[in-house]
Amino acid sequence: MQGYMRSYVTPQTPWDRISAGHPASVRFLRFLPILLLVATVPIAFVNPVMVPYANYAIVLLPAFTALVNGPVATLVATAAVCALIGAGSEALGLIPYPPSVWEDLPPIAFVGLLCTVLAWVRNRIVMRLLDMTLVAETVQGAILPDLPPVVGGVRVGVAYRTHDGSPGLVGGDFYDVQETDAGIRAVVGDVQGHGLNTVHLTEALLGTFRERALDDPDLATLTARMERRVRLHNRGLDEWEQSFATAVLIEITPRRDTIRVVLCGHPAPLLVRGTAEPISAKPMPPLGLTDFGLQRTVVREAALMPGDLIVAFTDGFVEGRNADGQTFPIISMLNAHIASGIRDPDRLHRKLKADFQGGGYERTDDLTVLIMQLPGSQAR
């Protein structure tokens, strides 16, 4: 994987790790019932004040075990509690505590077996959820497969992450890079929303780009194809169900000396040579909303030199805010890394990812950054 920023990255705080089911936290939670028993029962032998608490710990041990363990561990906990009750001072009389009688065993055993069944059912549900997660990962791999590190001689690095509240691993952002007879063509876009309808349109737009980027003669034609794809998607939907998408389409000529850009309501990509500068093109309306604009498709051209970097991103990347309400300063961050000699796309996007996370920036939208580097003497 090229450093994908996935939905299930390690949470930062201990409580977040516990609530997110982080493996290390889960292992710790599994031992909590035993720790509770160890912390109460031995003291009850010498301190009568602890007897009621120890009684609760013994009786509730199967339930506590079922919460954080499977049916086998719960059954073992039930058997251990039954043995402890049976060896009590008023049953077998083998140990002075607990002061239990034989009549205590049936309800304890019944509750323990019930907890075992519930733990088994819970495990079945968890396995089903894991299977669904694997399906989601497969869908993501089909919609947004890993890009090769080099496409047509251009080095590529990409980072993608769905927003914090996303129910799955596929969001509204999309990207791709294709080698064509017209040169290298790339797209980075963002579909409105985060639901299944969004994923459907994301897949449709990527399919259109991958097919038409190979044959369409220019970016204006390719943009019209993607606009048509959104219109077909919205056909038959009511006003509140219709979607639109922002996108930046990029073309690098076969001689690697010119870049062409079309902006459809999307942030301008950056051209990085000595420093990062936006490739400012006249913005078009987002795909699906061209009826609200009167201008024709505008293609912006800029000259390229060996070793130049092109950085395209979605608004989720630059609109993330830290505790002070400041947005992520991608240009200054890029310039700092370029000044330190880092130009490799893979290293750059990892640095930007670390800057975003380390600066406490909160993502409220899907986040994508695509970095392409031309071959040449500046490539490092």
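Predicted model only: the values in this text are computed from it and were never measured.

Caption draft 1: Representation of the overall build of the protein in the model. Within the protein, the secondary structure is distributed over eleven helices and eleven strands. Across the 380 residues that make up the protein, the buried fraction comes to 44%. Intrachain contacts of the protein at a sequence separation of at least 6 include 66% that bridge at least 24 residues. Surface summary for the protein: the accessible area is close to 19100 Å², and the carbon and sulfur share equals 62%.

Caption draft 2: Molecular detail of the packing of helix α10 (residues 330-339) against helix α11 (residues 345-358). Between α10 and α11, whose axes approach to 11 Å, the crossing angle comes to 130°. When the axis of α10 is compared with that of α11, the two are oblique. The way α10 lies across α11 gives a crossing that is right-handed. Note on element contacts: α11 touches α10 through L348, K351, L352 and D355, opposite M333, L334, H337 and I338. When the residues that make up the contact of α10 with α11 are grouped by side-chain class, the tally is five nonpolar, one polar and two charged.

Caption draft 3: View of the confidence of the model for the protein. The predicted model of the protein averages 84 in pLDDT, with 88% of residues at 70 or higher. Note that residues 1-9 has pLDDT below 50 and, in this model, 42 contacts with residues that lie over four places away or in other chains.

Caption draft 4: Looking closely at a nonpolar patch on the surface. Residues V117, W120, V121, I125, L129 and M132 make up a contiguous nonpolar surface patch of about 580 Å² in total accessible area. Tracing the backbone through its elements, the reader meets M132 in helix α6 (residues 105-143). On the basis of relative accessible area, M132 is assigned to the partly exposed category, the value being 49%.

Caption draft 5: Fine view of the packing of aromatic side chains. Going through the model one piece at a time under the given rule, you end up with six aromatic pairs. Look at Y160 and Y175: their rings are 6.1 Å apart centre to centre, the planes differ by 50°, and that puts the pair in the tilted class. Of the two residues, Y160 sits in strand β2 (residues 154-161) while Y175 sits in strand β3 (residues 173-180), which places them 15 residues apart along the sequence. Neither Y160 nor Y175 differs from the other in exposure class; each is buried. Ring plane angle 75° and centroid distance 5.1 Å describe the contact between F317 and F328, whose orientation is recorded as edge-to-face. Linking F317 in helix α9 (residues 315-318) with F328 in the loop between α9 and α10, this pair joins segments that are eleven residues apart in sequence. Taking the relative accessible area as the measure of exposure, F317 reaches 0% and is therefore buried.

Caption draft 6: Molecular detail of the layout of surface pockets. Estimated volume of the second largest pocket: approximately 230 Å³. Considering the residues around the second largest pocket, the lining is formed by Q192, R231, N234, E239, W240, E241, Q242, S243, F244, G288 and L289. Looking at the lining of the second largest pocket residue by residue, the classes come out as three nonpolar, five polar and three charged.

Caption draft 7: Representation of the side chain of T223 within the structure. Tracing the backbone shows T223 in helix α8 (residues 219-234). With a relative accessible area of 6%, T223 lands in the buried category. Those residues in contact with T223 that sit more than four places away from it in its chain are L249, V262, C264 and L287.

Caption draft 8: Quick peek at α11. The end-to-end C-alpha distance of α11, which contains 14 residues, comes to 20 Å, matching closely the 20 Å that a straight helix rising 1.5 Å per residue would cover. Every buried residue belonging to α11 is among P345, L348, H349, L352, D355 and F356, and all of these are buried. Buried residues of α11, seen end-on, are gathered within an arc of 115° and therefore sit on one face of the element. Lining the buried residues of α11 we find β2, β10 (309-313), α9, α10 and β11 (367-373).

Caption draft 9: Here's a closer look at the pairing of strand β5 (residues 245-252). Across the eight residues that make up β5, a large majority, eight, are buried. The two faces of β5 match: A245, A247, L249 and E251 on one face and T246, V248, I250 and I252 on the other face are all buried. Sheet topology note: the strand β4 (residues 183-191)/β5 ladder contains eight bridges and is antiparallel. Considered in β5, the bridge of V191 is made with A245. Alignment of β5 against strand β6 (residues 258-264), held across six bridges, turns out to be antiparallel. The residue of β6 that forms the bridge with V248 is L263. Turn length for the β5-β6 hairpin, with the two strands adjacent in sequence and antiparallel, is five residues, and the turn residue R256 shows positive phi of about 60°.

Caption draft 10: View of the sheet that holds strand β7 (residues 270-272). If you trace the six strands from one edge of the open sheet to the other, you get β1-β2-β11-β10-β7-β8, paired in antiparallel fashion. The outermost strands of the open sheet, each flanked by one partner alone, are β1 (150-151) and β8 (276-278). With three bridges connecting them, β7 and β10 associate as antiparallel partners. The residue bridging L270 from the neighbouring strand is V311, located in β10. Seen against the sheet, α10 touches β7, β8 and β10 and runs at an angle of roughly 15° to β7.

Rules behind the numbers
- Residues numbered from 1 in each chain as written.
- Predicted model: local features only at pLDDT ≥ 70, side-chain atom pairs only at ≥ 80, totals over all residues.
- Heavy atoms only, no water.
- Helix = DSSP H or I, 4+ residues; strand = E, 2+ residues; numbered from the N terminus.
- Buried < 20%, exposed > 50% of the residue type's maximum accessible area, 1.4 Å probe, protein only.
- Contact = heavy atoms within 4.5 Å.
- Areas by Shrake-Rupley, 256 points an atom, 1.4 Å probe, with all protein chains shown as cover.
- Axes fitted to C-alpha atoms, helices over the stretch in contact; angles between N-to-C directions.
- Parallel < 35°, antiparallel > 145°, perpendicular 65-115°, else oblique.
- Left-handed = near helix turned anticlockwise from the far one by under 90°.
- Nonpolar A, V, L, I, M, F, W, Y, C, P; charged D, E, K, R; others polar.
- pLDDT = per-residue confidence, 0-100.
- Patch = residues over 30% accessible without salt bridge, like charges linked within 9 Å, V, L, I, M, F, W, Y side chains within 5 Å.
- Salt bridge = Lys/Arg side-chain N within 4 Å of Asp/Glu carboxyl O.
- Phe/Tyr/Trp six-rings, centres within 6.5 Å; stacked < 30°, edge-to-face > 60°.
- 1 Å grid on protein atoms, 1.4 Å probe; cavity = no way out; pocket = protein on both sides within 12 Å on 5 of 7 lines; lining within 4 Å.
- Points joined across faces, edges and corners; volume = space filled by probe spheres on them.
- Expected span 1.5 Å × (residues − 1).
- Arc of directions from axis to C-beta.
- Pairing = 2+ DSSP bridges.

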